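Examination of the molecular architecture
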Amino acid sequence: MMETKKWGLWILTTFVIGNMVGGGIFMLPANLAQVASPTGATLAWLATGLGVFMIALVFGNLATRKPELKAGPQSYAQNLFSSPKAGKVAGYSMAWGYWAANWAATASVIISFAGYLTTFFPVMQSKKVLVTFGSFQLEYGKFVTFIICTIMLWGIQFILSKSFNAAGKLNLTATITKVIGFLLFVIVTVFVFDAANLGNAKAFVDASGNKVGLGGQVNAGAISTLWAFIGIESAVMLSNRAKSQSDVRKATMIGLIISLFIYIGITLLTMGALPQDQLKDSQKPLVDALGMVIGHNGTYIMALLALISLFGSTVGWIVVSSEVPYQAAKVGLFPKFFAKTNKSGSPIRSLSITNVLTQVFLFSTISGTVTEAYDFAIVVATLAYLIPYLVSAVYQLKLVITGETYDKIKGFRKLDGVITVLAIIYSIWVIKTGTADMKTFFLGIGLFVVGLVFYPFIMKDQKLIKETGAREVKTYAQKNRV
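Let us look at the structure shown here. Given the structure is predicted, the values throughout are model-derived calculations rather than measurements.

Here the focus is the pairing of strand β2 (residues 136-139). For strand β1 (residues 129-133) and β2, the ladder comprises four bridges, and the chain directions are antiparallel. Its bridge partner lying in β2, T132 is registered against Q137. With antiparallel pairing between neighbouring strands as the criterion, β1 and β2 make up a hairpin whose turn holds two residues, including G134 at a positive phi of roughly 60°.

Quick look at the structure:
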């Protein structure tokens, strides 16, 4: 079996930036304009940025204090309990929930890729009916979109099955390209920035004509802005492939800071370039803002930038997604079946099953529009990520309270305690805000409940594997004695 190369600081950093700055940035200005004024959106960004910064510090600290725990939140959940049985259930639950959220997250990025591809291939929006089944009609455009999404998913699977290391190079190239592109966007849109479009701090009026105060605007913008930061844990999830755990910590912080500057800069500049009424209804806000400067060509330039960005994000998310059950299987939280690698060192079984389940979410492109499919995917994914974030913060709180590792690794327990409490408060706040209705509760948090239902069946198979292995060892020993 070929040994996979370890990834250094900049490769890990590009995974963080690449997974965070994906498809969300291209629609965020419009999404935020529908729920908040520019002032409210800015405060939402600052609140989310601060909260995620605390979570990033938690991940970075755990990476250096517990370098042996290389599977991220699932390892932290497992070690949170002194009871091995309780720890195993908790670790499995985190692995399952994070893994399931990744199916939807990966699908949402691929769906966004297809959406921007329509700029160059309008046939993907064709309403021509191909087949009718009762009340269901399969449109030609939706069918083509589904095929393209499927080819992209399994094309990347083919590349990664041949060389998992290729993911690092692909992500590095795509991330450098997108960062340069976004910097150019910022420079260009400065020339059409109009502070008058930002309005003032007066109450925001929503689509129903209701006035919403700043507090309500910040709450409404919390989920949208958090979706932008999903992926902050990418370096931690890939720590088993990192050259050093200090690189994991640095990559997490550097990736967060660069992504935060990109998000806030582009959001505020777009809000300043377009009148609020136009921005609310925009299906492609960054394209419209760029068009104010360079005209219709802006459509193609921004669409190309989006495609490069989304391709890199897709590679990154598939890598992180397949890594979850692979690492879980290596420590006994998932069946050993997932720990199988091919001769190239790629976790082929984990990769294949992960992509099969992602494919299920891609079927949503057949039944609805690209926008509807994307919205469905992010609703499922966003809240599910908060549980692993919360559990990771709780585990660090345990280390702070007990003083574990502080006798060997220097640090400020009180400061770490403050950071940890703030990360916990932020996570609980967004969970409470995001699960205000039953739909988001069942689709997001419900993923963990589904995982617990499957737990006895999955771990039963694991138990059988262990018992079979024990019998084989015993038989072998008896034969040798004979």
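All chains considered together, the criterion is met by three salt bridges. E68 is the partner of K66 in a salt bridge, and the nearest nitrogen-oxygen pair spans 3.8 Å. Look at K66 and you get buried, because its relative accessible area is 9%. The class for E68 is exposed, based on a relative accessible area of 51%. A salt bridge links R241 to E323; its shortest N-O distance comes to 3.0 Å. Here R241 is found in the loop between α9 (234-237) and α10 (245-273), whereas its partner E323 is found in helix α13 (residues 297-330), with 82 residues between them in sequence. Through salt bridges that share partners, K66, E68 and E404 make up one connected network.

Here we come to the nonpolar core. Judged by nonpolar contacts, the single largest core of 129 residues is most densely connected at F182 and F334. Top element by residues in this core is helix α5 (residues 84-117). It accounts for 20 residues.

Attention now moves to unusual backbone geometry. Despite not being glycine, T405 has its phi angle at roughly 80°, a positive value. One can find T405 in the loop between α16 (370-402) and α17 (413-434).

This part covers the environment of Y116. Note that Y116 resides in helix α5. Residues Y116 and M302 lie 186 residues apart in sequence; the distance between their C-alpha atoms is 9.0 Å. For Y116, the contacting residues outside a window of four places in its chain are F26, A303, A306, L307 and L310.

On to the packing of aromatic side chains, then. In this structure the tally under the stated criterion is 18 aromatic pairs. For the pair W45 and F229, a centre-to-centre distance of 5.8 Å together with 80° between the ring planes defines the contact as edge-to-face. Of this pair, W45 sits in helix α3 (residues 38-65) while F229 sits in helix α8 (residues 214-229), and the two are 184 residues apart along the sequence. Each member of the pair, W45 as well as F229, carries the same accessibility label: buried. The interplanar angle of 35° and the centroid separation of 4.8 Å between the aromatic rings of F146 and F363 together place this pair among those described as tilted. Highlighted residues: F146 in helix α6 (residues 140-162) and F363 in the loop between α14 (348-362) and α15 (364-367), separated in sequence by 217 residues. The partly exposed category is assigned to F363, whose relative accessible area is 44%. Linked through ring pairs, Y92, W96, W99, W103, F334, F337 and F338 together constitute an aromatic cluster. Against the face of Y406 rests R65, its NZ or CZ located 3.7 Å from the ring centre. Above the face of the Y406 ring, R413 is positioned so that its terminal group lies 5.8 Å from the ring centre.

What counts and what doesn't
- Position numbers for residues start from 1 in each chain and track the written sequence from start to end.
- Confidence filtering applies because this is a predicted model: local features only for residues at pLDDT of at least 70, side-chain atom pairs given and counted only at 80 or more, and all residues used for totals across whole chains, interfaces and linings.
- Where side-chain values are given, they derive from all heavy atoms of the structure, hydrogens and water being excluded.
- Only strands that DSSP links by at least two bridges are regarded as paired with each other.
- Strands here mean DSSP runs of E at least two residues long; helices mean DSSP runs of H or I at least four residues long; both are numbered from the N terminus.
- For this analysis, a salt bridge means a side-chain nitrogen from Lys or Arg found within 4 Å of a carboxyl oxygen belonging to Asp or Glu.
- Three exposure classes are used, based on accessible area relative to the maximum for each residue type with a 1.4 Å probe and protein chains only: buried under 20%, partly exposed in between, and exposed over 50%.
- Here, the term nonpolar core denotes a set of buried Ala, Val, Leu, Ile, Met, Phe, Trp, Tyr and Cys residues that are joined through side-chain atoms within 4.5 Å.
- When checking whether two residues touch, look at their non-hydrogen atoms; a contact exists if any pair is within 4.5 Å.
- Two rings from Phe, Tyr or Trp (for Trp, the six-membered ring) form a pair when their centres are within 6.5 Å of each other. A pair whose planes differ by under 30 degrees is stacked, one over 60 is edge-to-face, and the rest are tilted.
- By definition here, charges over rings are those cases where NZ of Lys or CZ of Arg is within 6 Å of the ring centre and within 35 degrees of the ring normal.

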